[in-house]
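Architecture at a glance
Okay, here's what each chain looks like letter by letter:
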Amino acid sequence: MPTLTFQECTVECTPDETVLDALNRQGLEVPSSCRNGVCQTCLMHATEGNPPRTAQQGLKETLVAQGYFLACMCKPTESLTLCLPDDSVVQKVRARVIYKEYLNADILRLRLLPCGAFTYRAGQFVQIHRPNGLIRSYSIASVPTLDPLIELHVRLLPNGSMTTWIHKEVGEGDYVELSGAKGDCFYLQGNTTRNILLIGTGSGLAPLWGIVRSALYAGHKGEIHLYHGSWKPEGLYLEAELHALARDYPQFRYYPCVDDGAEAHHQQGRADKIALAQHKNLSGWQVYLCGHPEMVKSTKRNAFLAGANLPDIYADPFILSAPPK
Ligand SMILES: Cc1cc2nc3c(=O)[nH]c(=O)nc-3n(C[C@H](O)[C@H](O)[C@H](O)COP(=O)(O)OP(=O)(O)OC[C@H]3O[C@@H](n4cnc5c(N)ncnc54)[C@H](O)[C@@H]3O)c2cc1C
Ligand code: FES
């Protein structure tokens with residue numbers, strides 16, 4: 001059985017355990033959130049031994065080459081000596097809350113001023129660290145070259161630990177800890193003629209709002225179609241701003257989609273279904289999918305079946321955090 005050496009402790013990892021589970025079982029703290037290979041909160045460094053390649057998916061090649069891996073995805077095949085990444089690998093900054101505004105009944109726009117340099121691209125995600133150790137991911141709606149503040153859209157979940165804290169306790173003028181930015185869901189400069197399809201549900205609009213504005217202000221000439229889905233009309237937000245953007249940029253189209261109670265200016269039904277019914281051939285398109293994990297998973301498959309290349313499909317499922325085992 002492989003052994004894990006971490007913080008002067010040695011732990012045996014059973015065949016069905018991940019590195020994260022084995023370390024947690026011994027009471028060893030490793031930052032984690034989704035426990036599903038998405039948020040990269042559980043990034044660790046193997047200073048001796050080789051982590052399996054399956055535990056390195058989604059990481060930059062420079063990190064892979066140095067032996068970094070995701071502890072929640074790692075079932076080791078050999079013994080490993082481990083440490084947590086240092087600040088040169090994970091960018092961390094304190095940020096001041098400048099502005100809080102409700103975009104609809106559940107979704108809060110949070111604008112943050114980082115106290116130091118913090119590089120990101122619109123559509124990537126950051127982690128917010130609550131002082132009690134809780135860490136959660138939020139996608140970035142702002143565009144660094146346009147917006148002086150980092151903008152996040154945080155949806156309140158019933159009994160959600162982080163979202164209740166952010167909505168009810170964090171005030172303007174307070175400071176929060178941020179780390180990141182991570183993920184490859186951002187506008188790629190360089191090819192301004194490709195068509196782009198973006199589909200988001202709920203607060204999954206946040207990264208798409210950033211990506212659309214990045215593309216338009218970079219002079220993108222190909223068509224850009226954004227479908228935002230909500231169960232009820234009141235779950236939509238930024239409708240006026242998106243309609244205004246569509247008026248200013250003829251290559252941009254915005255489709256608010258509502259399952260139940262659609263009004264005349266809405267499309268009736270699920271955003272993913274409507275989008276793929278209206279775009280049957282996605283060969284050569286770039287596709288961005290954000291929000292509900294089931295929607296993201298099924299639409300990724302359907303976009304591929306409609307002709308999109310897998311490397312051209314950028315997907316951020318907003319996976320909720322699993323409790324530690
Ligand atoms: C890449 C990525 C990007 C994301 N971007 C965004 C974004 O831009 N905006 C956004 O709003 N969210 C985003 N999320 C989701 C976000 O990270 C959090 O998961 C979400 O805000 C909930 O956090 P929380 O701590 O409030 O809820 P948690 O405390 O983690 O709870 C989640 C849900 O589970 C329920 N629950 C908790 N404990 C139990 C239990 N014991 N039994 C049963 N139910 C339970 C809660 O009631 C709640 O509804 C993103 C996630 C990922 C992975
Ligand atoms: S990637 Fe491991 S906790 Fe999210």
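Residues numbered from 1 in each chain as written. Chains lettered and ligands numbered in written order. Predicted model: local features only at pLDDT ≥ 70, side-chain atom pairs only at ≥ 80, totals over all residues. Heavy atoms only, no water.

Overview of the sheet that holds strand β10 (residues 150-155)
Sheet strands line up and pair through hydrogen bonds in the backbone, either parallel or antiparallel. What counts here: When DSSP finds two or more bridges between two strands, those strands count as paired. Each helix is a run of H or I in the DSSP string that is no shorter than four residues. Each strand is a run of E no shorter than two, and both are numbered from the N terminus. Note on geometry: axes are C-alpha line fits, over the in-contact stretch for helices, and angles between N-to-C directions span 0 to 180 degrees. Note on definitions: a residue-residue contact is assigned when non-hydrogen atoms from the two residues lie within 4.5 Å.
With antiparallel pairing, the six strands of this open sheet are ordered in space as β9-β8-β11-β6-β7-β10. Edge positions in the sheet fall to β9 (135-139) and β10, since each of these pairs with one other strand and no more. On average, each strand axis in the sheet is tilted by 40° relative to the strand beside it, whichever way the strands run. Bridge analysis of strand β6 (residues 92-102) against strand β7 (residues 107-114) gives seven bridges, and the strand direction is antiparallel. Residue pairing in the sheet places E101 in a bridge with R109 of β7. Across the sheet, helix α4 (residues 205-217) lies against β7, β9 and β10, angled at about 150° from β10, the strand it touches most.

So, the domain arrangement of the protein chain
Applicable threshold: Just so you know, the domain bounds were taken from an automatic or database domain assignment. As a working definition, buried area equals the accessible area (1.4 Å probe) given up by two parts on being put together, with both sides summed. We count a salt bridge whenever a side-chain nitrogen from Lys or Arg sits within 4 Å of a carboxyl oxygen from Asp or Glu. Pairs of N or O atoms are called polar contacts if they sit within 3.5 Å, as long as, within protein, a hydrogen donor faces a hydrogen acceptor (for residues adjacent in sequence, only side-chain-to-side-chain pairs).
Annotation of the protein chain at the domain level lists domain 1 (3-83), domain 2 (92-182) and domain 3 (196-317). Computed over C-alpha atoms, the centres of domain 1 and domain 2 are 27 Å apart. Contacts between the two partners involve seven residues from domain 1 and, on the opposite side, six residues from domain 2. Surface buried jointly by domain 1 and domain 2 totals about 450 Å² across both partners, of which 50% is contributed by carbon and sulfur atoms. Counting across the domain 1 and domain 2 interface gives zero salt bridges. Here domain 1 is connected to domain 2 by four residue pairs in polar contact (both at pLDDT 80 or more).

Some remarks on the pattern of salt bridges
Selection criterion: The buried label goes to any residue with under 20% of its type's maximum accessible area, the exposed label to any with over 50%, and the partly exposed label to all in between, with areas taken from a 1.4 Å probe on protein chains only.
Summed over all chains, the structure comprises 10 salt bridges. Between R35 and D21 there is a salt bridge; the shortest N-O distance is 3.2 Å. Here the residue R35 occupies a position in the loop between α1 (19-25) and β3 (43-48), and D21 occupies one in helix α1, the gap between them amounting to 14 residues. For R35, a relative accessible area of 16% puts it in the buried group. What makes D21 buried here is its relative accessible area of 11%. Put simply, D312 and R194 hold a salt bridge, and the shortest N to O gap is 2.6 Å. Of this pair, D312 sits in the loop between α7 (293-305) and β17 (313-317) while R194 sits in the loop between β11 (175-182) and β12 (196-201), and the two are 118 residues apart along the sequence. Each of the salt bridges in this network shares a partner with another, and the network as a whole consists of E101, R109, R111 and E151.

Looking at the pairing of strand β2 (residues 9-12)
The pairing of strand β1 (residues 3-6) with β2 spans four bridges and is classified as antiparallel. Within the sheet, the bridge partner assigned to T3 lies in β2 and is E12. In this structure, the hairpin formed by β1 and β2 is closed by a connection of two residues, where Q7 is found at a positive phi of approximately 50°.

Some remarks on the sheet that holds β2
Spatially, five strands are ordered β2-β1-β5-β3-β4 in an open sheet, and the strand pairing comes out mixed. Where the open sheet ends on each side, the last strands, each with one partner, are β2 and β4 (68-70). The average angle at which neighbouring strand axes cross in this sheet is 35°, direction not considered. Relative to strand β5 (residues 80-83), β3 is paired through three bridges, and the arrangement is antiparallel. Bridge pairing links A46 to L82 in β5.

Regarding the pairing of β10
By the criterion of burial, β10 is predominantly enclosed, with five of the six residues buried. Bridge count for β7 against β10 is six bridges, and the pairing is antiparallel. Its bridge partner lying in β10, L108 is registered against V154.

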